[in-house]
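Structural features, examined
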Amino acid sequence: MEKPLLDVFDNYFSTRLRLHGRANVIGTPDQNALLLQIPRLIETYLHKIGLAHLFKVKGSIGNGNIARVPWVGIFRKEITENAENGYYIVLLFSENMSSCYLSLNQGITAVEQLYTKTFALRKMREAALKAITHLECDPEAHLGSIDLSSTGDLGRGYEAAAIVSFKYDAHSLPTDDVFFGHLNLLLGYYEKIFKKVGKNLHSLISVSENEFQQVVLEKAASPQALKENISSEEFWGDALSSSGKPTFNRSPIVAAQAIRMADFKCEINAEHWTFTSRAKKHRYVEAHHLIPISHQLKFFHPLDVVENVVCLCATCHRMLHYGVEKERRDLLTHLFKKRKEVLVKRSLDLKVADFLSLYSGGVLLED
Ligand SMILES: [Zn+2]
Ligand SMILES: [Zn+2]
C-alpha cells in the first residue's frame, strides 16, 4: 500500500495543475493509484476476509472539477453506494497532500438539503460523537473531527463528519499489516453502528425547538431552498429514537413552505405585531403543526404536510402550547375550521371535538 499512497502524494498537485482544475482521467500515477490500484488492493483484502460481496469500493478524483480532497470509498451496499449519503469507510487525502486518513465518515448531502450548510456541519459532528459512544475504540484511533487542511465545502464536510479515523503522514506511511489492521478495526465499528443505529445516523441528530424555527425561517426566506423537496419520510425512513420508539421528525422544508404561503403573517390575525428577524430580514414567525406531530401514531397518513402547518406570531404560538384551556379553545377551533377542507384532502379527517381533545393533555413544544 505504500507505493500507491506515495504516487498520490507525489503527483496529485502537478496533475491538478496540468488539468487546469478539470477532473479528466489521463492515467498519471496518482490517478492510477486512486482509481485502480488502491481500490484493487482493498477489494483483494475484502475477498481474503470473505466480505467482498457486501461492499463496493470506488476511488474518486472529483466530478467535473478535480477534487481538492481525493478519496477511495468503501461502501457497505446495504447502507449506501455513494459518498453523499449514509456512512462509510473512506481513505481521504488532505488538501495539502501532507497526510491521509482512513476514516469511518458520513455523507452530508441529505442533512444539508433538509437543514442548512452550517447546521449540517454542526449536527454531523454531534452525530459522530454519539455514534462513538456505541464503540470501544482502539487507543490509536482518532475520534471525531479530522484535519484535511481543507478550503472547500466537501473537505470541510469530511472533517466535521468523521467518526473514527487513523492518520498517516506522507513521510511515514503504514505497512500493509498496519493499514489492513486498521481497516479491519473500522469494518468492525461500521458493522457495530449498523446493527445499533441502522442505515443512517439521522436519529442521532437532535434538533431543539429554537434550532428548528431558525432553520425554518432561513429556508422560508430563500425560495430556492424550497425546491429541494426531500420529504421527511424519505429522510428519516424508519429511524428509531434512543428509546427504540419510532421518531416523528419535522421537515424544515415543509414548515418553510407553510410560512411562505402565509406570507410570514400570523394566521390567527394577520395584523399581529412581530419583530424583524435578524437572520434574513423577514418578519419573525413560527411554524406549528395543527394536529400535533406527537399524535402521528393515531393517524395512518403523514402529519408533516404543509396543509397541517400553520404560521403564527411567537405569542400565539406559545399560547397554543402553554395557554389555559379556555383561551386556547376558540383560537384552535378557528384555525381548525380554516384548514378543515385541505386536511380532508390529505385524508386527515376528524371532528372539531376530537381535534380539541388532542390538545387536552397539553402539547409538546416540538409539535
Ligand atoms: Zn407548536
Ligand atoms: Zn398571532
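Definitions and limits used
- Residues numbered from 1 in each chain as written.
- Chains lettered and ligands numbered in written order.
- Predicted model: local features only at pLDDT ≥ 70, side-chain atom pairs only at ≥ 80, totals over all residues.
- Heavy atoms only, no water.
- Helix = DSSP H or I, 4+ residues; strand = E, 2+ residues; numbered from the N terminus.
- Buried < 20%, exposed > 50% of the residue type's maximum accessible area, 1.4 Å probe, protein only.
- Contact = heavy atoms within 4.5 Å.
- Lys, Arg positive; Asp, Glu negative; His and termini not counted.
- Charge placed at Lys NZ, Arg CZ, Asp CG, Glu CD.
- Disulfide = S-S within 2.5 Å.
- Domains from an automatic or database assignment.
- Buried area = accessible area lost by both parts, 1.4 Å probe.
- Salt bridge = Lys/Arg side-chain N within 4 Å of Asp/Glu carboxyl O.
- Pairing = 2+ DSSP bridges.
- Donors = N, O, S within 2.8 Å, 3.2 Å for Na, K, Ca; no water.
- Tetrahedral: all angles 85-135°; square planar, octahedral: opposite > 155°, others 65-115°.
- Core = buried A, V, L, I, M, F, W, Y, C linked by side-chain atoms within 4.5 Å.
- Phe/Tyr/Trp six-rings, centres within 6.5 Å; stacked < 30°, edge-to-face > 60°.

Scanning the protein for helices and strands turns up 12 helices and 8 strands. Looking at the protein as a whole, 51% of its 367 residues qualify as buried. For the protein, long-range pairs separated by at least 24 residues make up 67% of all intrachain contacts whose partners lie at least 6 apart in sequence. Charged side chains in the protein number 44 positive and 42 negative. The centres of these two groups are separated by 5 Å.

A few words now on the environment of F119. Here F119 shows up in helix α4 (residues 117–132). Taking relative accessible area as the criterion, F119 reaches 3% and is therefore assigned buried. For the pair F119 and V215, spaced 96 residues apart in the sequence, the C-alpha separation amounts to 8.2 Å.

What follows deals with the state of the cysteines. Overall, the coordinates contain 0 disulfides when judged by the stated rule. Residue C100 stays outside any disulfide, its sulfur separated by 19 Å from that of C137, the closest cysteine.

Next up on the list: the domain arrangement of the protein. Reports of interface size often rely on the accessible area that becomes lost once the parts have come together. The domain boundaries assigned to the protein delineate domain 1 (2–202) and domain 2 (207–357). Between the C-alpha centres of domain 1 and domain 2 the distance comes to 38 Å. Counting from both sides, the interface comprises 12 residues of domain 1 and, opposite them, 13 residues of domain 2. Between domain 1 and domain 2, roughly 1,200 Å² of surface is buried when both sides are summed, and carbon and sulfur atoms account for 66% of that area. Ranking the residues of domain 1 by area buried against domain 2 places L114, Y115 and H202 at the top, with a combined share of 52%. The tally of links from domain 1 across to domain 2 stands at 2 salt bridges. Put simply, the parts of the chain that give the side of domain 1 that touches domain 2 at least two residues each are α3 (109–114) and α4.

Time to look at the pairing of strand β6 (residues 164–169). Strand direction decides the pairing type here: strand β4 (residues 99–106) and β6, joined by 6 bridges, are antiparallel. Within β6, the position partnered with C100 by the bridge is Y168. Where strand β5 (residues 142–143) meets β6, 2 bridges bridge the pair, whose relative direction is antiparallel. Within the sheet, the bridge partner assigned to L143 lies in β6 and is V164.

On to the coordination of the zinc ion (ligand 2), then. For a metal with four donors in a tetrahedral arrangement, the ideal angle between donors is 109.5 degrees, while six donors in an octahedron ideally sit at 90 or 180 degrees. Around the zinc ion (ligand 2), the protein contributes the donor atoms C266 (SG), H272 (ND1), C313 (SG) and C316 (SG), which lie 2.1 to 2.3 Å from the metal centre. Metal-centred angles of 96 to 121° between the 4 donor atoms at the zinc ion (ligand 2) mark the site as tetrahedral. Written as a sequence motif, the donor arrangement for the zinc ion (ligand 2) is C-x5-H-x40-C-x2-C. One end of the pair, H272, is in the loop between α9 (252–261) and β7 (286–289); the other, C313, is in the loop between β8 (309–312) and α10 (314–322), with 41 residues separating them in the sequence.

What follows concerns the nonpolar core. Judged by nonpolar contacts, the single largest core of 75 residues is most densely connected at I38 and F93. The dominant element in this core, judged by the number of residues it contributes, is helix α6 (residues 176–197), at 10 residues. In contact with F93, not counting residues within four places along its chain, are L5, V8, F9, L34, I38, V69, P70, S99, C100 and L148. Core analysis: the next-biggest nonpolar cluster, separate from the first, contains 24 residues, L290, L320, L348 and L358 among them.

On inspection of all chains with the given rule, the structure shows 16 salt bridges. Salt-bridge contacts for E78 lead to R76; the nearest nitrogen and oxygen are separated by 2.9 Å. Judged by its relative accessible area of 40%, E78 falls in the partly exposed class. Of the charged contacts in the structure, one is a salt bridge between D153 and K117, with a shortest N-O distance of 3.7 Å.

Glancing now at the sheet that holds strand β2 (residues 71–76). Pairing is antiparallel in the open sheet, where 6 strands are placed in the order β1-β2-β3-β4-β6-β5. For this open sheet the edge positions go to β1 (55–60) and β5, each flanked by a neighbour on one side alone.

This part covers the side chain of T333. Of note, T333 is situated in helix α11 (residues 325–345). For T333, a relative accessible area of 17% translates into the label buried. Beyond its immediate sequence surroundings of up to four residues, T333 is in contact with V352 and L356.

Here we come to the environment of C100. For C100, the location among the structural elements is in strand β4. For C100, a relative accessible area of 0% corresponds to the buried category. Setting aside residues no more than four positions away along its own chain, C100 makes contact with L5, F9, L91, L92, F93, F166, K167 and Y168.

Our focus in this paragraph is the packing of aromatic side chains. Overall, the coordinates contain 12 aromatic pairs when judged by the stated rule. Consider the rings of F275 and Y284, whose centres lie 4.8 Å apart with planes at 15°: the pair is stacked. Owing to a relative accessible area of 39%, F275 belongs among the partly exposed residues under this scheme. Aromatic pair F355 and Y359: ring centres 5.5 Å apart, planes at 65°, arrangement edge-to-face. Highlighted residues: F355 and Y359, both in helix α12 (residues 352–360), separated by 4 residues, approximately one helical turn.

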